[in-house]
Amino acid sequence: MSKVCLCRGITEEQIVEAVKNGATSFEEVKEATGAGAGGCRGGRCKGKIEIIIEENK
Ligand code: FES
């Protein structure tokens, strides 16, 4: 699986898992996985995370 959040090394698989477990927003995925909580504060990954949420909710 490819890395989605490069700062924190979070994979698409981990984000899909968080969505399956009920996360419905960037903030909730961040809380669940740490994705988006790295040095760029989601600048590089927020858009990708939101697409993954849309595709898996
Ligand atoms: S790439 Fe996700 S916080 Fe920077």
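In case you missed it, the structure is sitting above this.
In this text, all values refer to a predicted model and were calculated from it rather than measured experimentally.

Conventions we followed
Residues numbered from 1 in each chain as written. Predicted model: local features only at pLDDT ≥ 70, side-chain atom pairs only at ≥ 80, totals over all residues. Heavy atoms only, no water. Helix = DSSP H or I, 4+ residues; strand = E, 2+ residues; numbered from the N terminus. Contact = heavy atoms within 4.5 Å. Axes fitted to C-alpha atoms, helices over the stretch in contact; angles between N-to-C directions. Parallel < 35°, antiparallel > 145°, perpendicular 65-115°, else oblique. Left-handed = near helix turned anticlockwise from the far one by under 90°. Nonpolar A, V, L, I, M, F, W, Y, C, P; charged D, E, K, R; others polar. Buried < 20%, exposed > 50% of the residue type's maximum accessible area, 1.4 Å probe, protein only. Arc of directions from axis to C-beta. Core = buried A, V, L, I, M, F, W, Y, C linked by side-chain atoms within 4.5 Å.

> Help me understand the environment of Asn56 in this model?
Following the sequence through the fold, Asn56 ends up in helix H3 (residues 46-56). Taking the C-alpha atoms as reference, Asn56 lies 9.4 Å from Thr24; in sequence the two are 32 residues apart. Once you skip the residues sitting within four places of it in the chain, Asn56 turns out to touch Val16, Val19 and Lys20.

> Help me understand the packing of helix H1 (residues 12-20) against H3 in this model?
Two quantities define a packed helix pair, namely the angle between the helix axes and the distance between the axes. Contact pair H1 / H3: the axes reach a minimum separation of 9 Å and the direction vectors enclose 50°. Here H1 is positioned oblique relative to H3, judged by the angle of their axes. Crossing angle aside, the handedness with which H1 passes H3 is right-handed. Between H1 and H3, the contacting residues are Glu12, Ile15, Val16, Val19 and Lys20 on the first element and Ile49, Ile52, Ile53 and Asn56 on the second. In the contact of H1 with H3, the residues fall into six nonpolar, one polar and two charged.

> Would you take a moment to explain helix H2 (residues 26-33) for this structure?
The α-helix winds at 3.6 residues per turn, so residues separated by three or four positions along the chain end up facing the same way. Those residues of H2 not exposed but buried are Phe26, Val29 and Thr33. Seen along its axis, H2 keeps its buried residues to an arc of 65°; they face one direction. Buried residues belonging to H2 abut strand E2 (10-11), H1 and H3. Directly beyond the C-terminal end of H2, a positive phi value near 90° is found at Gly34.

> What should I look at first to understand the nonpolar core in this one?
As a rule of thumb, nonpolar side chains are buried together in soluble globular proteins. Counting 15 residues, the largest nonpolar core has Ile15, Val29, Ala35 and Ile49 as its most contacted members. Residue assignment for this core shows that the elements contributing at least two residues are strand E1 (3-5), H1, H2 and H3. It is H1 that provides the largest number of residues to this core, a total of four residues. Aside from chain neighbours lying at most four places away, what touches Ile15 is Val4, Ile10, Val29, Ala35, Ile49 and Ile52.

Shape is all these values report; function is a separate question.
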